[in-house]
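# Examination of the molecular architecture
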Amino acid sequence: MSQATSEAPVSTFAAPRFPIRRMLRHRSFVIGAAGLGLIVILAAAAPLITWHDPYAQDLMNRRIPPIWYAWFWDHPSAGWHHPLGTDNLGRDYWARLVYGARISLLIGFSATLVSGLIGTFLGVAAGYFGGRVDLVISFIITTRLAMPVILVALATVALLNSTLLVITMVLGLLLWDRFAVVMRSATMQARSQEYVTAAKAIGCSTPRIILTEILPNVAAAFTVIATIEMATAVLYEAALSFLGLGVQPPLPSWGLMLAEAKEDIFFSPWMITLPGIALFVLLLSINLLGDGIRDLSAPGGRS
Amino acid sequence: MNFEGLIAGTIAGLVLAAGSAQAQQAENKLRWSSTVSITAPDPYYNFHREAMILNGQLVWDTLIYRNPQTGEYEPLLATSWKWIDDVTLEFVLREDVKFHDGRSLTSKDVVYTYNYISDPANKINVQSNVNWIKNAEEIDEKTVRLNLKSAFPPALEYVASLHAILPDGFFGNDGKAGSNGGLIGTGPYKFDEFVPGSTMQLSRWDGYFDGSPKGKPNFSEVEYRAIPDPSTQMAELLSGGLDWIWYVPKDQAGPLSTMPGVVVNPAETMRISFLSYNVRDMEGGNPLQDIRVRQAIAHAIDRDTIVKQVVGQGSTAITAPCFRTQFGCQQEVTQHPYDPEKAKALLAEAGYADGVTLDLVANSSRDRAWVESVAGYLSAVGIKTNVQLLQYAAASERMASNRTHLFMGDWGSYGINDVSALLNNFFTFTPDDMARDETVSNALKAAAATIDKDTRIENYDVATKRIAEQVYWHPLWTNPTTYAHQADLEFQAFPDENPRFFQVKWKD
Amino acid sequence: MLVFALKRFVVGILVMLAVSTITFTLTNVAADPARTIAGEGASAADVEAIREAYGFDRPIIVRYGEWLGGALRADLGDSYRQRRPVVDVVMERLPVTMSLGGLAFAIAILAAIPLGIIAGLRPNSWIDRASLTFALIGQAMPTFWFALLGIVVFSVTLKWLPVSGSSSLSHFVLPAVVLAYYATPTLMRLTRAGMIEVMQSDYIRTAKAKGLRTGKIVLKHALRNAILPLVSVAAVQFGFMLGGSVVVETIFAMRGVGYLAWESITYSDLPVVQAIVLTIAAIYVVLTLAADIMNAWLDPRLRSN
């Protein structure tokens, strides 16, 4: 069966050589890194940049619109106390957003970590050993590709409860295919290099060769796929939330906030737009970063 | 001009809803929608009101009719009825009723219907609607007797609201609806098309009998379409693609009502929301076995504020575990008003001064903000909750298998104006009974087994008072249903959540 | 060639077997089907009776064998909720999903290939940047948000398109565009990358050196080689779109398999869920099989692989 699922033609990957100067000159890389960096800092420093508790309800002050409603339309309750307004339960929207960044990032990172480990293990094993191992692993990959992710994720989450852990694990266990495919090709390529043949000749053990020769050579490919999969995991979490099976309240995740405000698209569009923009910036940054890394790790570069 | 008005105004300027509504009026077609998809056309193999009640009364008729204004029973398919004794009901049928294929209604049809639906082997979906019926027998061509297993006081309520009369042999030999002569009934509308899970097309039945309290059909066609997402439904209403929707989200009701050509109508229903406590032994101990913890929870929740701010118009906070018009609903019970200090004190007394963590399961088809606001009040006094939103079946499974401390749910009593349709479902050692209290159960069973009003009232008194005093349930509020429809539609809502489309019509 | 096709076919069968094992295990171990069938308000005794009546008390391996036997005769059991054969329930929904998927796919291809080619021919030009931006936006917007925006703009405000349903072609336009936008970026980037690679290859350089005009080169050589990898990815993307239709069909209330899947999951109608996963897997297997054979036919070197 076909294995050509990666967007990135594998032949363009090579050992990572990232001169800082080239990195800083690469526009996508810089924008992506800055965007993601900013979101990570906001998430990490959440308690420092908002004085509100993201879980504290204030039913008397629900659905206060953001500050600019006070500027442009003289809205009486909008103001600096809640600069981005409040949600359905009077919780501060800005606080929900910065704490929600933690959950969205957590889901993205952890799911990618799980899928990265599975995918890399399978891909490297298939690529390094070839033969029957490759056959079996290719079969596993094809089987996984034949299963519709969103459906299987929905069904599993529905059957097992939609806790943060379950959602992350389910996404992690479903999204490893691209890792496996790309790692497999990258490993095959690395294996045929002279230094690997040489290492084999002088009697290095297989684990040693994989650790010291193969893995460093597939790291760039890994990073690129990791960015793609992280974006995918965050998007899938949003889709699960929309279908009512995302993270459970009162946890704020951006996908959940977006899904919760879907009915507000007609009359209070700010409620859906704010988390929408946040999610958009996050995904855009991750994708730009991935593009940047791919370009920078390509032999010729694309500047 | 406030901000909502501004946005509403902008949309209103762009939407020309009035024009399309008038176009529909010319066609005289009613197009309505809800989130559930109907998978069976008959009223019995359904869980959804949309088919149980709506089809039940549009395509079919019941033996008697309960006038929603007066609450009195009126003749429908039966001209008269009487109790022969505690367990026998006799009905005399009208002479002039015809099914959609032209043949006349006789006792055979009524006997078939009751014997079919009451046979447990046929497994109709809601057994509690029929499991008190022993059988039906034909006395003559137009006289039928319904034999009950034991005295069942609200029998006429069920007969009038849920027991649509099907033609003889409707389910054939294979249990397939309409296998013997099609999906026909005696009601004011007949089936044109039924697409499982998606649409239903009904058209007027010109042969509908004169003198029915439902009146002659007002529309030439009625079309139902399942639309799972409420935002999509609102978009359809705004763009003139639908005439009537319900369960409009609370926060959209206000701005939606400012749209030209749209009327929004929040109405109270008989459905009550409650918090139910598990007092059984649980693995690792169960803090709720201490009544002080249950009381603390009750005192921690500010129902009035939640009703006013979150649940919205059409809802009332309640303090008794039933709907006020239901027979046997005793209002004078132990009260647990909002008092967070008392709640904290009670928790400390019970040894949970540092807080406690409980599992809370809630029905996922209700507004998420409801359970979140309850959880918010609980966390304010130090009770942390692990909230799980589940479909009713899954939530029920949690209760049955003793895997949750708290259940926040609601029950609509199928529109039956009698406490037995509510409390007997939850407190008579049923799977959903997490209290398992002999006193309550015995009283409820005794009340349901006689038609003597005083005995019933006495027993319901015992049951409701004990439920409140022991804090097995914390009553929360009545659920509102918010309807929205084109402004030139005449529609009236009733607390039994039964939109009576046979009464609806376009304004002149 | 025949041996190659046969081998691929056997692999396809094995994949279906593996998918069926996984879904059956998942839906029968993680949930209690008896409890689900019994429905609201059923007593423990009722549940037990159902468990025996349906044979859920037997070992899972026996039940799987039985189910598989049925599946081979196109009998996937009855839907718990609809009380009719699962095969009927799913099959009557398939046309809507396939039309939606097909239309979305056509739109995606029609947008992705020309954009990818132009972008690939002129890397770093404004049109390249515009297409990349277009792709990036597509990758960063949750489908349902995009769909709701589409409804607000095109159906409610401009009234060009109907809001929901699946009864006419105009009902398919908005959902198909939404779904297509979800798949376009991948296809576009791939075409672009393939194009860049091909344009740098020796034979194109030779052709250019010979004085052939660029337009001709693109049509004759580059395009064919750039699109080759697309064939196999296209199959995968089509599978993705069938999955993505869950969200789109739910928003637009389209009577397709995706909406059915979501509904069946929320009502724990597990035989239907199983059947849908299996159906989508089968479509994927058939498509990849076709793509593999087509690729092998286009490029004989692959056959020895």
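If you're wondering where the values come from, they're calculated on a predicted model, not measured in any experiment.

Reading the values: the criteria
Along each chain, residues carry numbers from 1 onward, in the same order as the chain's sequence is written. As they are written, the chains are lettered A onward and the ligands numbered 1 onward, keeping that order. In view of the model being predicted, local features appear only for residues whose pLDDT reaches at least 70, and side-chain atom pairs are presented and counted only at 80 or more, with totals across whole chains, interfaces and linings using the full set of residues. Helical segments are the DSSP runs of H or I of at least four residues, strand segments are the runs of E of at least two, and each set is numbered from the N terminus. Distance between backbone-placed C-beta atoms decides contact: two residues are in contact if it is within 7 Å. Three exposure classes are used, based on other C-beta atoms lying within 10 Å of a residue's own C-beta, which is placed from the backbone: buried for 20 or more, exposed for 12 or fewer, and partly exposed in between. Here, any two strands with at least 2 DSSP bridges between them count as paired. Axis geometry follows a simple rule: fit a line to the C-alpha atoms, using only the stretch in contact for helices, then measure angles between N-to-C directions, giving values from 0 to 180 degrees. Think of it as three bins: nonpolar holds Ala, Val, Leu, Ile, Met, Phe, Trp, Tyr, Cys and Pro, charged holds Asp, Glu, Lys and Arg, and polar takes everything else, Gly as well. UniProt positions are given in the numbering used here, feature names are shortened, and annotations may be inferred rather than shown by experiment. A clockwise turn of the near helix away from the far one marks a right-handed crossing, whereas an anticlockwise turn of less than a right angle marks a left-handed crossing. Each nonpolar core comprises buried Ala, Val, Leu, Ile, Met, Phe, Trp, Tyr and Cys residues, the members being joined through C-beta atoms within 7 Å. The domain limits used here are those given by an automatic or database domain assignment. Under this scheme an angle from 65 to 115 degrees is roughly perpendicular, one under 35 degrees roughly parallel, and one over 145 degrees roughly antiparallel; angles in between are oblique. Note on scores: pLDDT gives the predictor's confidence for each residue, bounded by 0 and 100. Each helix should span, by expectation, one fewer than its residue count multiplied by 1.5 Å.

To continue, consider the overall build of chain A. Summing up its helical and strand segments, chain A has 13 helices and zero strands in all. Along the chain direction, N to C, the helices and strands of chain A fall in the order α-α-α-α-α-α-α-α-α-α-α-α-α. Long-range contacts, defined here as pairs at least 24 residues apart, represent 73% of the contacts in chain A between residues at least 6 apart.

Along its length, chain C carries 13 helices and zero strands. Reading chain C from its N end, one meets helices and strands in the order α-α-α-α-α-α-α-α-α-α-α-α-α. Counting only C-alpha atoms and orienting by the principal axes, one finds that chain C spans roughly 85 × 55 × 30 Å. When burial is assessed residue by residue, chain C has 51% of its 305 residues classed as buried. Across chain C, every contact between residues at least 6 apart in sequence was considered, and the portion connecting residues at least 24 apart equals 73%.

Bringing the sheet that holds strand S5 (residues 88-93) of chain B into the picture now. All names here are of chain B. Sheet architecture is open: four strands sit in the order S4-S5-S7-S6, paired in antiparallel fashion. Across the chains shown, the open sheet's two edge strands, defined by having one partner strand only, are strand S4 (78-85) and strand S6 (133-140). The mean angle between the axes of side-by-side strands here comes to 20°, regardless of whether they run parallel or antiparallel. As defined by bridge partners, S5 adjoins strand S7 (residues 143-148) across five bridges and the pair is classed as antiparallel. Opposite Thr-88, over in S7, you have Asn-147 as the bridge partner.

For the rest of this paragraph, the subject is the interface of chain A and chain B. With 22 residues of chain A at the contact, the number on the chain B side is 28 residues. A breakdown of the residues in the side of chain A that touches chain B according to their chemical character gives 11 nonpolar, six polar and five charged.

The next thing to look at is the UniProt feature "domain: ABC transmembrane type-1" (unreviewed entry) in chain A. The UniProt record marks residues 101-290 of chain A with the feature "domain: ABC transmembrane type-1" (unreviewed entry), using the residue numbering of this structure. Between the end C-alpha atoms of residues 101-290 of chain A the distance is 20 Å, and the span holds 82% helix and 0% strand.

All names here are of chain B. For strand S1 (residues 29-34), the tally of buried residues reaches five of six residues, placing the bulk of the element in the interior. As judged from the six bridges shared by S1 and strand S10 (residues 221-226), these two strands associate in the parallel manner. The partner of Ser-34 across the bridge, within S10, is Ala-226. Two strands pair when backbone bridges link them, and S1 and strand S11 (residues 244-246) are joined in this way by two bridges, in the parallel orientation. Along S11, the bridge assignment pairs Trp-32 with Trp-244.

In the numbering used here, UniProt assigns the "transmembrane region" (unreviewed entry) feature to residues 9-31, 100-121, 133-154, 160-182, 226-252 and 272-298 of chain C. Helix makes up 100% of residues 272-298 of chain C and strand 0%, with an end-to-end C-alpha separation of 38 Å.

Okay, the packing of helix H5 (residues 93-129) of chain A against helix H13 (residues 270-297) of chain A next. Residue and element names in this part refer to chain A. At a closest axis distance of 11 Å, the pairing of H5 and H13 adopts a crossing angle of 35°. H13 is crossed by H5, and the crossing has right-handed handedness. For the pair formed by H5 and H13, the contact residues are Tyr-93, Leu-97 and Ser-104 on the first element and Leu-274, Pro-275, Ala-278 and Leu-282 on the second. Broken down by class, the residue content of the contact of H5 with H13 amounts to six nonpolar, one polar and no charged.

Before going further, it helps to examine the interface of chain A and chain C. Accessible area lost when the parts come together is the quantity often used to give the size of an interface. Listed as interface residues are 42 residues of chain A and, on the opposing side, 51 residues of chain C. Here the element with the most residues in the side of chain A that touches chain C is helix H7 (residues 149-160) of chain A; it accounts for 10 residues. A breakdown of the residues in the side of chain A that touches chain C according to their chemical character gives 32 nonpolar, seven polar and three charged.

With 337 residues, the main nonpolar core has A:Ala153, A:Leu154, A:Ala239, C:Ala180, C:Ile276 and C:Val277 as its most contacted residues. In terms of residue count, the dominant contributor to this core is helix H11 (residues 206-242) of chain A (19 residues). When residues of this core are assigned to domains, at least three fall in each of domain 1 (41-181) and domain 2 (269-480) of chain B.

A separate point is the sheet that holds S10(B). Strand pairing in a sheet relies on backbone hydrogen bonds, with the paired strands running either antiparallel or parallel. Residue and element names in this part refer to chain B. Strand order across the open sheet formed by 10 strands is S8-S9-S10-S1-S11-S16-S12-S15-S13-S14, with mixed pairing between neighbours. Either end of the sheet is taken by a strand with one partner, and the two such strands are strand S8 (189-195) and strand S14 (383-390). Direction aside, the axes of adjacent strands within the sheet are offset by 20° on average. Looking at chain direction, strand S12 (residues 262-277) and strand S15 (residues 406-411) are connected through six bridges and run antiparallel. Counterpart to Tyr-277 in the pairing with S15 is Leu-406.

This brings us to the UniProt feature "transmembrane region" (unreviewed entry) in chain A. Residue and element names in this part refer to chain A. When the UniProt feature table is mapped onto this chain numbering, "transmembrane region" (unreviewed entry) sits at residues 29-51, 103-129, 136-158, 164-183, 218-245 and 265-289. The span residues 103-129 carries 100% helix and 0% strand; its end-to-end C-alpha distance comes to 38 Å. Structurally, residues 265-289 comprises 80% helix and 0% strand, and the distance from its first C-alpha atom to its last is 30 Å.

Bringing the environment of C:Val257 into the picture now. Within the secondary structure, C:Val257 is located in helix H12 (residues 257-266). Not counting residues up to four positions away in its chain, the partners in contact with C:Val257 are C:Val90, C:Arg93, C:Leu94, C:Thr97, C:Ile276 and C:Thr279.

As paired strands, S4(B) and S5(B) are joined by six bridges and run antiparallel to one another. Pairing of B:Trp83 across the sheet is with B:Leu89, part of S5(B).

Moving on: the packing of helix H6 (residues 94-121) of chain C against helix H7 (residues 126-140) of chain C. Residue and element names in this part refer to chain C. As a packed pair, H6 and H7 sit with axes 8 Å apart at the nearest point and diverge in direction by 135°. On the basis of their axis angle, the class for H6 and H7 is oblique. As H6 packs across H7, the resulting crossing turns out to be left-handed. Two secondary-structure elements touch here, H6 through Leu-115, Ile-118 and Ala-119 and H7 through Ile-127, Asp-128 and Ser-131.

The next thing to look at is the confidence of the model for chain C. Residue and element names in this part refer to chain C. The share of residues in chain C with pLDDT of 70 or more is 90%, and the mean pLDDT across the chain is 83. Put simply, helix H2 (residues 33-38) is where chain C has its lowest mean pLDDT, 70, and helix H5 (residues 86-91) is where it has its highest, 92. On the interface metric, ipTM, the complex scores 0.86, and its pTM is 0.87.

Below, the discussion takes up unusual backbone geometry. Even without being a glycine, B:Arg436 presents a positive backbone phi close to 50°. For B:Arg436, the position within the fold is in the loop between helix H13 (423-426) and helix H14 (438-448). Despite not being glycine, C:Asn124 shows a phi value in the positive range, around 70°. Structurally, C:Asn124 is set in the loop between H6 and H7.

All names here are of chain A. Structurally, the position occupied by Ile-167 is in helix H8 (residues 164-174). Using a count of 29 C-beta atoms within 10 Å as the deciding quantity, one classes Ile-167 as buried. Taking the C-alpha atoms as reference points, Ile-167 and Tyr-236, separated by 69 residues in sequence, lie 9.7 Å from one another. Residues in contact with Ile-167, not counting those within four places in the same chain, are Ile-107, Val-157, Ser-162, Glu-237, Leu-240, Gly-246 and Val-247.

We now examine the confidence of the model for chain A. Overall, the prediction assigns chain A a mean pLDDT of 86, with 92% of residues at 70 or greater. With pLDDT under 50 throughout, residues 1-15 of chain A is counted as low confidence; its partners more than four residues away or in other chains account for 46 contacts.

Here we take up helix H11 (residues 368-380) of chain B. Residue and element names in this part refer to chain B. An ideal rise of 1.5 Å per residue puts 18 Å on 13 residues; H11 measures up with 18 Å between its terminal C-alpha atoms. Where H11 is concerned, the buried positions are Arg-368, Ala-369, Trp-370, Val-371, Glu-372, Ser-373, Val-374, Ala-375, Gly-376, Tyr-377 and Leu-378. Following H11 by one or two positions, Gly-382 adopts a phi angle in the positive range, close to 100°.

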